[in-house]
Amino acid sequence: MAFKFVLLPTDALLYLLVVVAVIYGMYAARHEHLRAPWRQVRRNPVAMAALVVLAAYVATGLLDSIHFRMRLDVPGAGHHQAIYAPQVRSVLDVLCGPLRKHVERTYSAPFALRSFTPQMVRLPGGQRVLEYPRLQYGGAGIRTSTDRARDIALRCLRATGETLALWVALVCAVVWWRVRHPGEFMRTAFVRLARGATDTPWRTILVTLAVVILLVAAIVNLGGEYHILGTDQVGQDVLYEAIKSIRTGLVIGTLSTLVMLPFAVAMGVMAGYFGGWVDDLIQYLYTTLNSIPSVLLIIAVILSLQLYMANHAASIDNIAQRQDIRLLALCVVLGVTSWTGLCRLLRGEAMKLRNMDYIQAATALGVRSRSIMTRHILPNVMHIVLISVVLDFSGLVLAEAILSYIGVGVDPSMNSWGNMINGARLELARDPVVWWSLAAAFLFMVTLVLAANLFADAVRDAFDPRLRTS
Amino acid sequence: MIRYIIRRLLYAIPILVGVNVLTFALFFFVNTPNDMARFHLGIKRVTPQAITEWKIEHGYNDPLFYNARAPGIDKLTRTIFFQHSVKLLVFDFGQSDSGRDIGYDIRQRMWPSLAIQVPTFVVGLAVYISVALMTVFFRGTYLDLGGVILAVVMMSISMLFYVIGGQYLFSKVLRLVPISGYDTGLSAFKFVVLPVVLGIVSGIGASMRLYRTFFLEEAPRDYVRTARAKGLSEIRVLFRHVLKNAMIPILTGVVVVIPTLFIGGLIMESFFGIPGLGAYTIDAVRSQDFGIVHAMVYLGAVLYIVGLIMTDLAYTLVDPRVRLE
């Protein structure tokens, strides 16, 4: 084989999460009480636009979660004994090949032809002059800035053309698919879609999709030739770093709540249902955990972990694994600090449900406690779980940046927005200002968090029974 | 009331003991003192003798729980658990790994922290409430819609960007305030004002939206209609009647804000070079000083519990129906 798959722990958990999401989707599709709120979300144009953006991020993150090691061609090594590269790459790395490989020597501005910092160059006559050296990859083959402007314009035009072609095909596919519903002509379907009169806001979805496709096409067309968002101090393409950070953000945002979720749900439901000493014990547990300010708890755990890993460095064989263990640990810690809120909510709800007639009836019929909790209470508190998972996501993505800034976040060598900001915070003090690293982290983060916030609002509005009645 | 407070304080004891045991387990079970010494000494200088010396120097040389070699009551007190954890319960913080007295440092660094946190908290609360009430005043108009959209966008921006951007704009470009530093007395004002303003601005999106929902919940109530029917101006209705009744959920939310205030302190203090507790903690993280982190975790837990009790007392102040017993 030309490569060997590598399954990092967070990869496995992400796949598991996808499987769970698919199972939930299938389950929700067959139950009306779940379909109704999701239908409400589907009709919300803002939520659907946010969903398209989120889907783009998730797709990138998942592509970045299929890891492997390439086989090395070592002369002399026999056929039996394959030698694989020590670096772990992902599918995304392969797709972003030029972005990853075009490493300059140091800072360069977006679309620059020359380096940002001057360098001493010895002329043939022996003189030394300070000049801005030509970049090795940025705009290779382009001579002047007018040439560059023309080249960029041409490439943008091509990206627009490609987008348009793909998008028209998409629109046709949607219209054609909708016509298959009985009693509708192609033309009426198209007009309804253009007017935004469809049940699902297809117009909004398609317009958002057009923007996403345009951006991807622009990156594909321009990224190989230029550094769209410049390069950082060590000459790495900033756009590549920002794209690679997507996976980190997604992992933190989703796995943190999910690693502790079964625990939080079980504890909350048990505390509420049993009451008595079980309740007291669980309450004591979460009050104690809650009373430590979360950032301090995270600091304490990560410090402890750093020490542990420093002393057990021998058993961790490569960088990707070290990064991944640290990332997973951060998720667990963030989960430990954030499960208490959900647990308290569930406890309250379970206490309310315990006195409902149907639970009393089940008890009277001799149903065992475990069955009552899993069959009768759990389905009725699932909406709280869903709302809390969705609402927590954006806060966790933001928390990662702050923690990485303090130095207790993800591994310093890992791509993450927090590390990008941390590395770039002194760049604004330079003259002229190096703004592109910060701008890239800002753009990518705000887009993800804003989309997540908007989507979460729609989900909460649809699932929160308190809001539905008012 | 006093009985209630005493009982709450008694309840706090098992929680603080729990916090202590938890951090102790985290620091001394996951990693033994030997690991810690090895880590601090670096890989090159590790000899069994150096490790023992480091442990003696920092008070980590005793057994964890039970010292069989010590005489009498010292069997229990000359242990790491007693020296490093039990003493915390009476606020004896001991020495940091670099040999400084933690209690003294905390007392010194408390004031700069308070100089930032208190104005941020008080002015911030007033600003958030006013802004939220104004959106309720203009509800249903484009102003309200614009405000809500702005709030969602603002809460999607990481606090780091507010700090970095604010420092760049006000200190570097406009040169209104110094970039960083701190001074005692009244001259501290020019150092404090920017962190406070940025702290308030960074929280405005989330808080405004939260408070707005509280106010909107109160807005359709009967007493509001009555107040309007009496001919009170809308401003008066909102700031007098609606605000008073929405105080309970706001107070509950304020407790949630206290831990995040601490996070804010960490970022602000390290960015603006303010010698407060947040910067102290970050320095401890960077130099891997377990003693300081241990003390700060405990202090944070104490403050949180005090905050909870104060919230309950505040309930009785704003709502005469609440009786503490």
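Cut-offs applied
Residues numbered from 1 in each chain as written. Chains lettered and ligands numbered in written order. Predicted model: local features only at pLDDT ≥ 70, side-chain atom pairs only at ≥ 80, totals over all residues. Heavy atoms only, no water. Helix = DSSP H or I, 4+ residues; strand = E, 2+ residues; numbered from the N terminus. Buried < 20%, exposed > 50% of the residue type's maximum accessible area, 1.4 Å probe, protein only. Contact = heavy atoms within 4.5 Å. Areas by Shrake-Rupley, 256 points an atom, 1.4 Å probe, with all protein chains shown as cover. Axes fitted to C-alpha atoms, helices over the stretch in contact; angles between N-to-C directions. Parallel < 35°, antiparallel > 145°, perpendicular 65-115°, else oblique. Left-handed = near helix turned anticlockwise from the far one by under 90°. Nonpolar A, V, L, I, M, F, W, Y, C, P; charged D, E, K, R; others polar. Salt bridge = Lys/Arg side-chain N within 4 Å of Asp/Glu carboxyl O. Core = buried A, V, L, I, M, F, W, Y, C linked by side-chain atoms within 4.5 Å. Domains from an automatic or database assignment. Polar contact = N/O pair within 3.5 Å; in protein donor to acceptor, adjacent residues only side chain to side chain. Buried area = accessible area lost by both parts, 1.4 Å probe. Phe/Tyr/Trp six-rings, centres within 6.5 Å; stacked < 30°, edge-to-face > 60°. Pairing = 2+ DSSP bridges.

## Quick look at the overall build of chain A
(1) Moving on: Each helix and strand counted, chain A has 17 helices and 6 strands in total.
(2) Moving on: Over its C-alpha atoms, taken along the principal directions, chain A stretches across nearly 100 × 70 × 55 Å.
(3) Moving on: The buried share of chain A, reckoned over its 470 residues, is 47%.
(4) Moving on: Counting contacts in chain A only where the partners sit at least 6 residues apart, residues at least 24 apart contribute 72% of the total.
(5) Moving on: Carbon and sulfur atoms provide 65% of the accessible area of chain A, an area that totals close to 23,500 Å².

## What about the overall build of chain B?
(1) Moving on: The secondary structure content of chain B amounts to 14 helices and 0 strands.
(2) Moving on: The buried share of chain B, reckoned over its 325 residues, is 48%.
(3) Moving on: Taking as baseline every contact in chain B between residues at least 6 positions apart, the subset at least 24 positions apart corresponds to 69%.

## Structural notes on the packing of helix α6 (residues 102-137) of chain B against helix α9 (residues 189-218) of chain B
Residues and elements named next belong to chain B.
(1) Moving on: Between α6 and α9, the least distance of the axes is 7 Å, while the angle of their chain directions is 40°. Considering their axes alone, α6 and α9 lie oblique with respect to each other. Crossing handedness for the pair α6 and α9: right-handed.
(2) Moving on: Residues that form the contact of α6 with α9 fall into these classes: 21 nonpolar, 6 polar and 1 charged.

## Topic: the pattern of salt bridges
Residues and elements named next belong to chain B.
(1) Moving on: Under the defined criterion, the tally for this structure stands at 17 salt bridges over all chains.
(2) Moving on: With a closest N to O distance of 3.2 Å, R212 and D144 form a salt bridge. Separated by 68 residues along the polypeptide, R212 in helix α9 and D144 in helix α7 (residues 142-155) bring together distant segments of the chain.
(3) Moving on: Here E218 ties to R221 by a salt bridge, and the two come within 3.5 Å at their closest N and O atoms.

## Re the nonpolar core
(1) Moving on: With 191 residues, the main nonpolar core has W417(A) and F215(B) as its most contacted residues.
(2) Moving on: Mapping this core onto the domain boundaries places at least three of its residues in each of domain 1 (2-90) and domain 2 (107-324) of chain B.
(3) Moving on: With sequence-adjacent residues up to four places away left out, F215(B) is seen in contact with I129(B), A132(B), L133(B), V136(B), V242(B), L243(B), A246(B) and I250(B).

## Considering unusual backbone geometry
Residues and elements named next belong to chain B.
(1) Moving on: The phi dihedral of R175 is positive, around 55°, even though this residue is not glycine.
(2) Moving on: Mapped onto the secondary structure, R175 falls in the loop between α8 (159-173) and α9.
(3) Moving on: By relative accessible area, R175 is classed as exposed at 66%.

## Some points on the domain arrangement of chain B
Residue and element names in this part refer to chain B.
(1) Moving on: Domains assigned within chain B are domain 1 (2-90) and domain 2 (107-324).
(2) Moving on: Contacts between the two partners involve 20 residues from domain 1 and, on the opposite side, 17 residues from domain 2.
(3) Moving on: For the pair domain 1 and domain 2, the number of links is 1 salt bridge.
(4) Moving on: Here R8 and D312 are joined by a salt bridge, their closest N and O atoms 2.3 Å apart.
(5) Moving on: Taken together, the links from domain 1 to domain 2 amount to 3 residue pairs in polar contact (both at pLDDT 80 or more).
(6) Moving on: Those elements giving two or more residues to the side of domain 1 that touches domain 2 turn out to be α1 (2-28), α2 (33-41) and α5 (80-89).
(7) Moving on: For the side of domain 1 that touches domain 2, the element with the most residues is α1, which contributes 12 residues.
(8) Moving on: Along the lines of polarity and charge, the residues of the side of domain 1 that touches domain 2 split into 14 nonpolar, 5 polar and 1 charged.

## A look at the interface of chain B and chain A
(1) Moving on: In this assembly, 46 residues from chain B lie in contact with 46 residues from chain A.
(2) Moving on: For the pair chain B and chain A, the summed buried area comes to about 4,200 Å², and 75% of that belongs to carbon and sulfur atoms.
(3) Moving on: At the boundary of chain B and chain A, one finds 1 salt bridge.
(4) Moving on: Across the pair D457(A) and R209(B) runs a salt bridge, and its minimum N-O distance is 2.8 Å.

## Digging into the packing of aromatic side chains
The description of two aromatic rings rests on the distance between their centres and on the angle between their planes.
All names here are of chain A.
(1) Moving on: Using the criterion set out here, one finds 9 aromatic pairs over all chains in the structure.
(2) Moving on: Between the aromatic rings of Y273 and F274, the centroid separation amounts to 5.3 Å while the plane-to-plane angle is 70°, which identifies the pairing as edge-to-face.
(3) Moving on: An aromatic cluster is defined as three or more aromatic residues linked by ring pairs; in this entry it consists of Y24, W38 and F463.

## What to know about the pairing of strand β5 (residues 119-122) of chain A
Residues and elements named next belong to chain A.
(1) Moving on: By the bridge criterion, 4 bridges tie β5 to strand β6 (residues 128-131) in an arrangement that is antiparallel. The residue bridging Q119 from the neighbouring strand is E131, located in β6.
(2) Moving on: Joining the antiparallel neighbours β5 and β6 is a turn of 5 residues, in which G126 adopts a positive phi near 100°.

## What to know about the environment of L297(A)
(1) Moving on: Take L297(A): it is sitting in helix α11 (residues 294-311).
(2) Moving on: Judged by relative accessible area, which is 5%, L297(A) ranks as buried.
(3) Moving on: Measuring from C-alpha to C-alpha, the distance between L297(A) and T337(A) comes to 7.6 Å, with 40 residues separating the pair along the chain.
(4) Moving on: Setting aside chain neighbours within four positions, we find L297(A) in contact with L289(A), I292(A), V333(A), V336(A), T337(A) and L22(B).

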